[in-house]
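# Close look at the chain arrangement
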Amino acid sequence: MSDLDQLKGDLLAAIDSADLARLEDIRVSALGKSGSVTGLLKTLGGMSPEERQTTGPRIHALREAVTEALTGRKAGLEREALDARLAGETLDITLPVDVPAAGTVHPVSQVMDELAEIFADLGFAVATGPEIEDDWHNFTALNIPESHPARAMHDTFYFPDEPDGERKMLLRTHTSPVQIRTMVNQQPPIRIIAPGRTYRSDSDATHTPMFHQVEGLVIDKGITLGHLKWTLETFLKAYFERDDIVLRLRPSYFPFTEPSAEVDVGYTIQNGKRVIGGSDHWMEVLGSGMVHPKVIAACGLDPDEWQGFAFGCGIDRLAMLKYGMDDLRAFFDGDIRWLKHYGFAALDVPTLSGGVGA
Ligand code: PHE
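Okay, so let's go over this structure. Quantities reported herein were computed from a predicted structural model and do not represent experimental measurements.

### Concerning the site of the ligand
The ligand sits among 14 residues. The nearest are His174, Ser176, Arg200, Gln213 and Gly312. Within the contact set of the ligand, a nitrogen atom lies 2.9 Å away from a side-chain nitrogen or oxygen of serine 176. Arginine 200 is positioned with one of its side-chain polar atoms (N or O) 3.0 Å from an oxygen atom of the ligand. Expressed as a share of its isolated accessible area of 320 Å², the protein-covered part of the ligand is 91%. Here the ligand is seated within the largest pocket. Counting only elements with at least two residues in the shell around the ligand, the list comes to α8 (176–185), β5 (210–220), β9 (281–291) and β10 (307–314). The dominant element in the shell around the ligand, judged by the number of residues it contributes, is β10, at 3 residues.

### Side note on the nonpolar core
Phe235 and Leu318 are the most contacted members of the largest nonpolar core, which has 40 residues in total. Contributions of two or more residues to this core are made by α5 (107–121), β5, α9 (225–240), β7 (257–270), β9, β10, α11 (315–323) and α12 (336–342). Among the elements that make up this core, the one with the highest residue count is α9 (6 residues). Formed by 23 residues, the second largest nonpolar core is a distinct cluster that contains Ala127, Ala194, Ile219 and Cys299.

### Side note on the packing of aromatic side chains
Across all of its chains, the model carries 11 aromatic pairs by this definition. Ring centres 6.4 Å apart and planes at 50 degrees place the aromatic pair phenylalanine 235 and tyrosine 239 in the tilted group. Placement of both phenylalanine 235 and tyrosine 239 in helix α9 is noted, with a separation of 4 residues, approximately one turn of the helix. Tyrosine 239 gets classed as buried once you look at its relative accessible area, which sits at 0%. With a centroid separation of 6.3 Å and 20 degrees between ring planes, the pair formed by phenylalanine 235 and phenylalanine 311 is classed as stacked. In this pair, phenylalanine 235 sits in helix α9 while phenylalanine 311 sits in strand β10, placing the two residues 76 residues apart along the sequence. Like phenylalanine 235, the residue phenylalanine 311 is buried in the burial classification. Note that arginine 274 overlies the ring of tyrosine 267, its terminal NZ or CZ placed 5.9 Å from the centroid. In this structure, lysine 322 is placed above the aromatic ring of tyrosine 239, and the distance from its NZ or CZ to the ring centre is 4.4 Å.

### A few points about the layout of surface pockets
The calculated volume of the largest pocket comes to roughly 1100 Å³. Going through the elements one at a time, α7 (149–153), α8, β5, β6 (247–254), β7, β9, β10 and α11 are the ones with two or more residues in the lining of the largest pocket. Per-element tally for the lining of the largest pocket: the top contributor is β9, with 7 residues. Among the residues making up the lining of the largest pocket, the classes are represented as 18 nonpolar, 16 polar and 9 charged. In this structure, the second largest pocket is lined by Lys273, Arg274, Val275, Ile276, Met320, Leu321, Lys322, Tyr323, Gly324, Met325, Asp326 and Tyr342.

### Some points on the pattern of salt bridges
Pairs can form between side chains of opposite charge whenever their charged atoms are close. Counting across every chain of the model gives 18 salt bridges. Across the pair aspartate 244 and arginine 242 runs a salt bridge, and its minimum N-O distance is 2.9 Å. A residue is classified by how much of its surface remains accessible, and arginine 242, at 29% relative accessible area, is partly exposed. In this structure, the salt-bridge partner of arginine 337 is aspartate 335, at a minimum N-O distance of 2.7 Å. Residue class for arginine 337 comes out exposed when judged on its relative accessible area of 62%. One salt-bridge network, in which partners are shared between bridges, spans Arg248, Arg250, Glu262, Asp264 and Glu284.

### Some points on helix α4 (residues 49–88)
Counting along an α-helix, one turn takes 3.6 residues, and residues three or four places apart therefore face a common direction. In this model α4 runs 58 Å from its N-terminal to its C-terminal C-alpha over 40 residues, within 8% of the 58 Å that 1.5 Å per residue would give. Maximum bend of α4: about 35 degrees, positioned at threonine 55, with proline proline 57 one to four residues after it. Where α4 is buried, its residues touch α1 (3–17), α2 (20–31) and α3 (36–43).

### A word on the environment of alanine 18
Locating alanine 18 in the fold gives a position in the loop between α1 and α2. Placed 59 residues apart in sequence, alanine 18 and leucine 77 show a C-alpha to C-alpha distance of 9.3 Å. Ignoring sequence-local partners within four residues, the contact set of alanine 18 consists of Leu23, Ile26, Arg73 and Leu77.

### Here's the deal with the packing of α1 against α3
Between α1 and α3, whose axes approach to 11 Å, the crossing angle comes to 155 degrees. Taken together, the axes of α1 and α3 lie roughly antiparallel to each other. The two elements α1 and α3 cross, and the hand of that crossing is left-handed. Along the contact surface, α1 presents Leu4, Leu7 and Leu11, while α3 presents Ser36, Val37 and Leu40. Of the residues that constitute the contact of α1 with α3, the class distribution is 5 nonpolar, 1 polar and no charged.

Rules used throughout
Residues numbered from 1 in each chain as written. Predicted model: local features only at pLDDT ≥ 70, side-chain atom pairs only at ≥ 80, totals over all residues. Heavy atoms only, no water. Near = heavy atom within 4 Å. Polar contact = N/O pair within 3.5 Å; in protein donor to acceptor, adjacent residues only side chain to side chain. Areas by Shrake-Rupley, 256 points an atom, 1.4 Å probe, with all protein chains shown as cover. 1 Å grid on protein atoms, 1.4 Å probe; cavity = no way out; pocket = protein on both sides within 12 Å on 5 of 7 lines; lining within 4 Å. Sits in = over half its atoms within 2 Å of the grid points. Helix = DSSP H or I, 4+ residues; strand = E, 2+ residues; numbered from the N terminus. Core = buried A, V, L, I, M, F, W, Y, C linked by side-chain atoms within 4.5 Å. Buried < 20%, exposed > 50% of the residue type's maximum accessible area, 1.4 Å probe, protein only. Phe/Tyr/Trp six-rings, centres within 6.5 Å; stacked < 30°, edge-to-face > 60°. Lys NZ or Arg CZ within 6 Å of the ring centre and 35° of its normal. Points joined across faces, edges and corners; volume = space filled by probe spheres on them. Nonpolar A, V, L, I, M, F, W, Y, C, P; charged D, E, K, R; others polar. Salt bridge = Lys/Arg side-chain N within 4 Å of Asp/Glu carboxyl O. Expected span 1.5 Å × (residues − 1). Bend = angle between axes of the 7 residues up to and from the residue. Contact = heavy atoms within 4.5 Å. Axes fitted to C-alpha atoms, helices over the stretch in contact; angles between N-to-C directions. Parallel < 35°, antiparallel > 145°, perpendicular 65-115°, else oblique. Left-handed = near helix turned anticlockwise from the far one by under 90°.

Below, the structure is given as structure tokens:
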């Protein structure tokens, strides 16, 4: 075997078993300035033309083979290193997370999601409106004119008068202004619920200055009290996840509905605890009625053509009844221990199929 073949064999074998660092050493020792192959190339100049003709191509071929082997080995080693790194960093995102979640979903948010889910199934959209309202949307359009005694009942937070004295602004005292905004902006038929924050100057174990309501509104042709009762029954059965929900509609008064009914839900006492269902005792859960023709007209619709029903319900109260809390103020204390106890995991998304409160 010639020296050239010997050198080639040695170099290729060394390359084949080298790691990345060693590979660089081999490259320098073969192809570097004073490398073995470079040295051979330099001998070409001193050769006779005949010798150059036979040996030249072999030396060039050697350089090429070594260069190629170096590049190939380097690419192979780099690919192996990358594969090993990727394998080490593999994350199976289908595995359950074992880090405890830092926060929980507030029961009010959870109940709002449950309401949206239940009413979406009945064909209701979710509507919203501003919490800072004007007097017209919160009162006047709802058939509560300036001098109406109902205004006094609302313990309203008013903003200081605007310099132009034009629009009196206030914190909405109920979600009913969203009825108005929806009827003004949308052509019937209308089916919406409007959950959100509401404000009244009131504070005790069952009242907080900020609380939550959900409004329901249906406007269509030929709507009757029967539709209202069926809707409320279906809603409360789905919400409390019981079939033995009994409702009692008591005649009542709201300026924006006629007739008006307060709705009580029946409950029983079991082991000293209030359990919704049955009809041993009654508890008021919401206000409702057929939308007053004046309200429909105030929104630019013809009350002879369109009728509807509306209801309004305290969300905090619904949450307390379903999840067994007894002091409303705790809802807004921001106490992490209370939330840990009553809160919901972020992935507990209510669905009708899974049970809305699951
Ligand atoms: N807005 C009323 C309240 O806050 C509730 C209600 C809404 C009553 C819709 C009837 C119809 O007390």
